[in-house]
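Each chain, written out:
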Amino acid sequence: MDGERRESTADVSEDVTDVRETDFDHFAGIVTDGAIGAVGGLVGTGALTVGLLIARSLDAFELSSFGTLAELTGFNMLLPLNPTAVGYVLFLLTGMVMWPLLFASIGSYLPGKKYATRGLPFGFVLWTGFAPAFYEGYTGLAMVLYFGLTLAAHFAYGFSLGAVFDYLGDRPETLV
C-alpha cells in the first residue's frame, strides 16, 4: 500500500513540474495571453457595437452617450470637436484591455465548460453596470428595447470574448 502511495505522489509531482515548464510561466506566454485577450476584446467589442448600432437604429440608444463618457473621464480635451469619438475609443480600449484581463482572471470560476459559455454570465455582469450608466431616460417601448438590446449585445460580447479564448488559447486548467 505504501508503494502505491509513493508512486501516485511521484506522478503528481511530475505533473506539477510539467505545468510549471509551460510557456505560460514565461514572458512570451504572458505576451501571448495579452494578445489573445486584446483580440478577444476587439472581437467582443465589435459584436457589442453591432448590437448598440441596432439599438441606435431603433432609437433605443444614443451614440452621444460615448461623449458623456469622454467628458466624465476628462479625455474630451484630446479631441474637443468630437467627444463622441473619444468616448468610443475609451469604450473600445476598455473592452480590449480591462474586461479581457478580468475575464482571464475569473473566467475559470464562472459556470460553463468552455470560455464561450462562461462569457455569457460575464457579459451579464458587465451589462448591470452599462445599463444604468448609459441610460438616457428612455420610456415605453424605447426603454424595453434599450434594456433588451443592450443585454443581448453584452451577451454577444461575453460569448465572442470567450470564443476567442477557446479558439486561440491553449490554456491549462488553472493559470496559477
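Please read these numbers as outputs of a predicted model, since none were measured by experiment.

(A) Looking closely at the nonpolar core. Counting residues in hydrophobic clusters, the biggest one holds 21 residues, and the most contacted among them are Leu52, Phe61, Phe103, Phe122, Phe130 and Tyr146. At the level of secondary structure, the elements contributing two or more residues to this core comprise helix 2 (27–57), helix 4 (83–106), helix 5 (115–134) and helix 6 (140–168). Look past the residues within four positions of Phe122 in its chain and what remains in contact with it is Trp99, Leu102, Phe103, Ile106, Leu110, Tyr157 and Leu161.

(B) Focus on helix 5. Here helix 5 is 20 residues long and its end C-alpha atoms lie 27 Å apart, about the 28 Å a rise of 1.5 Å per residue gives. Taking the largest bend as the criterion, helix 5 deviates by roughly 30°, centred on Trp127. The complete set of buried residues in helix 5 reads Tyr115, Ala116, Arg118, Gly119, Phe122, Gly123, Leu126, Trp127, Phe130, Ala131 and Phe134. For helix 5, the secondary structure elements touched by its buried residues are helix 2, helix 3 (64–73), helix 4 and helix 6.

(C) View of the packing of aromatic side chains. The full count for this structure, using the stated rule, is 21 aromatic pairs. Their ring planes at 55° and their centres at 5.0 Å tell us that Phe66 and Phe91 sit as a pair that is tilted. With Phe66 in helix 3 and Phe91 in helix 4, this pair connects stretches of sequence that are 25 residues apart. For the cation-ring pair, Arg118 lies above Tyr115, with the distance from its terminal atom to the ring centre recorded as 5.1 Å.

(D) Layout of the layout of surface pockets. The volume enclosed by the largest pocket comes to roughly 300 Å³. If you trace the largest pocket, you find 14 residues lining it, with Phe91, Thr94, Trp99, Phe130 and Phe134 closest to the centre. Every element with two or more residues in the lining of the largest pocket is listed here: helix 2, helix 4, helix 5 and helix 6. Within the lining of the largest pocket, the residues separate by chemical class into nine nonpolar, five polar and no charged.

(E) Geometry of the environment of Gly40. Looking at the secondary structure, you find Gly40 in helix 2. Separated by 56 residues in sequence, Gly40 and Met96 have C-alpha atoms that sit 7.2 Å apart. Contacts of Gly40, omitting those with residues within four sequence positions, involve Leu161 and Val164.

Conventions we followed
Residues numbered from 1 in each chain as written. Predicted model: local features only at pLDDT ≥ 70, side-chain atom pairs only at ≥ 80, totals over all residues. Heavy atoms only, no water. Core = buried A, V, L, I, M, F, W, Y, C linked by side-chain atoms within 4.5 Å. Buried < 20%, exposed > 50% of the residue type's maximum accessible area, 1.4 Å probe, protein only. Helix = DSSP H or I, 4+ residues; strand = E, 2+ residues; numbered from the N terminus. Contact = heavy atoms within 4.5 Å. Expected span 1.5 Å × (residues − 1). Bend = angle between axes of the 7 residues up to and from the residue. Phe/Tyr/Trp six-rings, centres within 6.5 Å; stacked < 30°, edge-to-face > 60°. Lys NZ or Arg CZ within 6 Å of the ring centre and 35° of its normal. 1 Å grid on protein atoms, 1.4 Å probe; cavity = no way out; pocket = protein on both sides within 12 Å on 5 of 7 lines; lining within 4 Å. Points joined across faces, edges and corners; volume = space filled by probe spheres on them. Nonpolar A, V, L, I, M, F, W, Y, C, P; charged D, E, K, R; others polar.

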